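# Survey of secondary and tertiary structure
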Amino acid sequence: MREARVQRVVKVFVLSSASGAPHPGPEFTVEASAHDGLLEAVHAELAARGQRVRAVSHTPTGLLAYVEDRP
């Protein structure tokens, strides 16, 4: 039997010290074998993109991540 997977859309906002206000970044989808694995998947994907995670939270429509770009 195939294991059920959980998918969520991640909305990203990038924090910039220059402007002070976060700006929208590209959305992406993460998948995990369980609900608890989604946060780990988000952290891994954002690190692979060269971004430092400041916060990730669940929302009614998916996940929300605030990140800093690495220089």
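Given the structure is predicted, the values throughout are model-derived calculations rather than measurements. (Residues numbered from 1 in each chain as written. Predicted model: local features only at pLDDT ≥ 70, side-chain atom pairs only at ≥ 80, totals over all residues. Heavy atoms only, no water.)

### Looking at the overall build of the protein
Let me state the cut-off plainly: A run of DSSP states H or I qualifies as a helix once it reaches four residues; a run of E qualifies as a strand once it reaches two. Both are numbered from the N-terminal end. For every residue, the accessible area (1.4 Å probe, protein chains only) is compared with the maximum for its type, and the residue is labelled buried under 20%, exposed over 50%, or partly exposed between those bounds. Residues count as neighbours in contact if any of their non-hydrogen atoms are within 4.5 Å of one another. Areas reported as accessible are Shrake-Rupley estimates using a 1.4 Å probe. Residue values count occlusion only from the protein chains shown.
Counting its secondary structure elements, the protein contains one helix and five strands. Written out in order from the N terminus, the α and β elements of the protein read β-β-β-α-β-β. Taken over 71 residues, the protein has a buried fraction of 23%. Of the contacts made within the protein by residues no fewer than 6 positions apart, 37% connect residues no fewer than 24 positions apart. For the protein, the accessible area works out to roughly 4900 Å², and carbon and sulfur atoms hold 51% of it.

### Things to note about the environment of arginine 8
Among the structural elements, arginine 8 can be located in strand E1 (residues 6-15). Counting along the chain gives 55 residues from arginine 8 to leucine 63, while the straight-line C-alpha distance between them is 6.7 Å.

### Focus on the packing of aromatic side chains
To keep things clear, this is the line we draw: Classification of ring pairs rests on two measures: the distance between centres of Phe, Tyr or Trp rings, Trp counted by its six-membered ring, which must be within 6.5 Å, and the angle between planes, read as stacked under 30 degrees, edge-to-face over 60 and tilted in between. Both a distance and an angle decide whether a charge sits over a ring: NZ of Lys or CZ of Arg must be within 6 Å of the ring centre and within 35 degrees of the ring normal.
Under the criterion given, the structure shown has one aromatic pair. Seen from the ring of phenylalanine 28, arginine 49 lies directly overhead, with NZ or CZ sitting 4.2 Å from the centre.

### Remarks on the pattern of salt bridges
Short version of the rule: What counts as a salt bridge is simple: a side-chain nitrogen of Lys or Arg found within 4 Å of a carboxyl oxygen of Asp or Glu.
Going through the model one piece at a time under the given rule, you end up with four salt bridges. Across the pair arginine 5 and glutamate 31 runs a salt bridge, and its minimum N-O distance is 2.9 Å. Here arginine 5, found in the segment before E1, pairs with glutamate 31, found in strand E3 (residues 28-32); they are 26 residues apart in sequence, far enough to count as distant. Look at glutamate 31 and you get partly exposed, because its relative accessible area is 37%. In this structure, the salt-bridge partner of glutamate 45 is arginine 49, at a minimum N-O distance of 2.7 Å.

### Examining the nonpolar core
In plain terms, the rule: The nonpolar core is taken to be a set of buried Ala, Val, Leu, Ile, Met, Phe, Trp, Tyr and Cys residues, with the residues joined through side-chain atoms within 4.5 Å.
Judged by nonpolar contacts, the single largest core of 14 residues is most densely connected at Val10, Val12, Val30, Val42 and Leu46. If you list the elements that add at least two residues to this core, you get E1, E3, helix H1 (37-48) and strand E5 (62-69). Once you skip the residues sitting within four places of it in the chain, valine 10 turns out to touch Pro26, Glu27, Phe28, Val30, Val42, Leu63 and Ala65.

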